[in-house]
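Per-entry structural report
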Amino acid sequence: EFESFLSTSLHSISLDIETLQSQIEELSTFSDTPAPSVTRILYSENDVLARRYVKNLMGLSGLSVREDAVGNIFGRWDGYEPELEAVATGSHIDAIPYAGKYDGVVGVLGAIEAINVLRRSGFKPKRSLEVILFTSEEPTRFGIGCLGSRLMAGSEQLANSLKETVDSQNMSFFDAARSAGYAKDNEDLSTVFLKKGSYSAFVELHIEQGPILEEEGVSIGIVTAIAAPASMEVEFEGNGGHAGAVLMPYRNDAGLGAAELALAVEKYVLESGSIDTVGTVGILELHPGAINSIPSKSHLKIDTRDIDEKRRNTVVEKIHQSAVTIAKNRRLSLTEFKIINQDPPALSDKSIIRAMEIATQELNLTHKSMISRAYHDSLFMARISPMGMIFIPCYKGYSHKPEEYASSGDIANGVKVLALTLAKLSQD
Ligand code: HGY
Ligand code: MN
Ligand code: MN
Ligand code: MN
């Protein structure tokens, strides 16, 4: 079935890249910030409009659509052995402030077009194929990344903590979810949990968000592992006071405590012994935030990652110790040191890697194995299903900024590899 499909389809893979491009453009208009940036925050009006747009495309592709309690959306094409575990693919459409239009979107709209390609070629899947739009891969609104896929992977800890979680406007997670039409009945999110083995395979198509494929002129990245992300939230408090009247020896400046900790993060990742260790302080808020008032409070969010979990955990430990030492030395109180997430890396499944390699060879595309330094919903799907990721090049590796760009040729290559990989996996 698959070989015959391969031989026939290779000449006639009818991929409608123009329509896919126009869908990417259309989806990018559902944004809180002006083009070319895209800002699309979980459960916001634009997020709801974007979800409706994607559900409509799923329907037009003949997929039967269902949504779970937090808004993970599933579009299913029943195979001729529907009792077998399905093969799933998908990604996210939420976007951090002032992001680009391809991160996540290529793996959702591209997956729907991969289904269209298979349908047009007359392919009949044995295992059902399912396209998943994951709720909130970005940590923007409620501070935790991969909220939807973490719950699908069965995180009791997250299901419980969401009962007390509020956003920066003090709106609770459940009120926000209900405003978007989700979490209607009760606050029991265990209905989102999926059993291990629910899918026979999960594959995500995504832009590389790094410069390697473009620099080396390689068409397809086959991801072998996803780096281990961790994030922390820290708060210092001091007495504040008048910027003119309080002499230096009498100050305990919470802003300087935060600054010193940010430099400590940089120091620890640089001295980790590997270029693969990274650390970022992307959020640093000072209170009251007036030029002539000594910061009495500072609030930082720290993101650190590594492909080696032990090395990453050593950095987390050193950051914690530094926060305690800085507070002591500067007579500040460390009012909060919270580890938001400290996730292990994930390895891709060998048979899925094999299927991707066959697909790229059949399509005469160059490919290379690589790790993903960004995290993805695949990191959590790997906990309940064999996982694989397909990368396509993006302009100068730019991502999480409006200059993010992937060419229609590269997107088309990614969708074709995804279509052939899904076809192969659905026959297993
Ligand atoms: O931050 C990440 O790695 C992902 O792009 N949200
Ligand atoms: Mn992202
Ligand atoms: Mn992404
Ligand atoms: Mn805080």
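The rules we used
- Residues numbered from 1 in each chain as written.
- Chains lettered and ligands numbered in written order.
- Predicted model: local features only at pLDDT ≥ 70, side-chain atom pairs only at ≥ 80, totals over all residues.
- Heavy atoms only, no water.
- Donors = N, O, S within 2.8 Å, 3.2 Å for Na, K, Ca; no water.
- Helix = DSSP H or I, 4+ residues; strand = E, 2+ residues; numbered from the N terminus.
- Buried < 20%, exposed > 50% of the residue type's maximum accessible area, 1.4 Å probe, protein only.
- Polar contact = N/O pair within 3.5 Å; in protein donor to acceptor, adjacent residues only side chain to side chain.
- Contact = heavy atoms within 4.5 Å.
- Near = heavy atom within 4 Å.
- Areas by Shrake-Rupley, 256 points an atom, 1.4 Å probe, with all protein chains shown as cover.
- Nonpolar A, V, L, I, M, F, W, Y, C, P; charged D, E, K, R; others polar.
- Axes fitted to C-alpha atoms, helices over the stretch in contact; angles between N-to-C directions.
- Parallel < 35°, antiparallel > 145°, perpendicular 65-115°, else oblique.
- Left-handed = near helix turned anticlockwise from the far one by under 90°.
- Pairing = 2+ DSSP bridges.
- Domains from an automatic or database assignment.
- Buried area = accessible area lost by both parts, 1.4 Å probe.
- Salt bridge = Lys/Arg side-chain N within 4 Å of Asp/Glu carboxyl O.

Quick notes on the coordination of the manganese ion (ligand 3)
For the manganese ion (ligand 3), every protein donor is listed as His 92 (NE2), Asp 103 (OD) and His 206 (NE2), and the spread of their distances is 2.1 to 2.3 Å. The manganese ion (ligand 2) is placed at 3.5 Å from the manganese ion (ligand 3), the two being bridged by Asp 103. You can see His 92 sitting in strand S4 (residues 86-92) and its partner Asp 103 sitting in the loop between strand S5 (95-99) and helix H4 (105-120), a full 11 residues away along the chain. The exposure classification of His 92 matches that of Asp 103, with both residues buried.

Considerations on the side chain of Ser 426
Note that Ser 426 resides in helix H13 (residues 408-427). Judged by relative accessible area, which is 0%, Ser 426 ranks as buried. Of note is the side chain of Ser 426, whose polar atom sits 2.9 Å from the side chain of Gln 427. Contact partners of Ser 426, with chain neighbours within four places excluded, come to Val 87, Phe 123, Pro 125, Lys 126, Arg 127 and Leu 129.

Thoughts on the coordination of the manganese ion (ligand 4)
The manganese ion (ligand 4) binds to the protein through Glu 235 (OE), His 299 (NE2) and Glu 336 (OE), with metal-donor distances spanning 2.3 to 2.7 Å. Positions of the donor residues of the manganese ion (ligand 4) along the chain correspond to the pattern E-x63-H-x36-E. Of the two residues, Glu 235 sits in strand S9 (residues 228-237) while Glu 336 sits in strand S12 (residues 333-342), which places them 101 residues apart along the sequence.

Looking at the site of ligand 1
Neighbouring ligand 1 are Glu 137, Glu 138, Gln 209, Arg 305, Ala 374, Tyr 375 and His 400. One of the side-chain N or O atoms of Arg 305 is found 2.5 Å from an oxygen atom in ligand 1. Within the backbone of Tyr 375, an N or O atom sits 2.9 Å from an oxygen atom of ligand 1. Across the complex, the protein chains shield 94% of the 210 Å² of accessible surface that ligand 1 would expose by itself. Considering only residue class, the shell around ligand 1 consists of two nonpolar, two polar and three charged.

Side note on the packing of helix H2 (residues 17-28) against helix H3 (residues 45-60)
The angle between the axes and the distance between the axes are what describe a pair of packed helices. Look at H2 against H3: their axes get within 10 Å of each other, and the N-to-C directions meet at 155°. When the axes of H2 and H3 are compared, the pair comes out roughly antiparallel. Read as a crossing pair, H2 and H3 show a hand that is right-handed. Contacts between H2 and H3 pair Gln 23, Glu 26 and Leu 27 from the former with Ala 50, Tyr 53, Val 54 and Leu 57 from the latter.

So, the pairing of strand S11 (residues 297-306)
S11 sits mainly inside the fold: seven of its 10 residues count as buried. Note: S9 against S11, 10 bridges, orientation antiparallel. In the sheet register, Phe 236 faces S11, and the bridge partner there is Ser 298. Two strands pair when backbone bridges link them, and strand S10 (residues 278-287) and S11 are joined in this way by nine bridges, in the antiparallel orientation. Within the sheet, the bridge partner assigned to Val 278 lies in S11 and is Arg 305.

A few points about the domain arrangement of the protein
When the parts come together, some accessible area is lost, and that loss is often what is quoted as the size of the interface. Partitioning the protein into structural domains gives domain 1 (2-227 + 345-427) and domain 2 (228-342). For domain 1 and domain 2, the distance between their C-alpha centres works out to 34 Å. Contacts between domain 1 and domain 2 engage 11 residues on the former and 10 residues on the latter. In total, domain 1 and domain 2 occlude about 860 Å² of area from one another, counting both sides; carbon and sulfur atoms represent 60% of this. Counting the surface domain 1 buries against domain 2, the share from its top three residues, Ala 227, Pro 345 and Arg 373, is 48%. Run the count over domain 1 and domain 2 and you get one salt bridge. Of the charged contacts, one joins Asp 276 and Arg 373 as a salt bridge, the two residues approaching to 2.8 Å between their closest N and O atoms. For the pair domain 1 and domain 2, the number of links is one residue pair in polar contact (both at pLDDT 80 or more). Residues that form the side of domain 1 that touches domain 2 fall into these classes: eight nonpolar, one polar and two charged.

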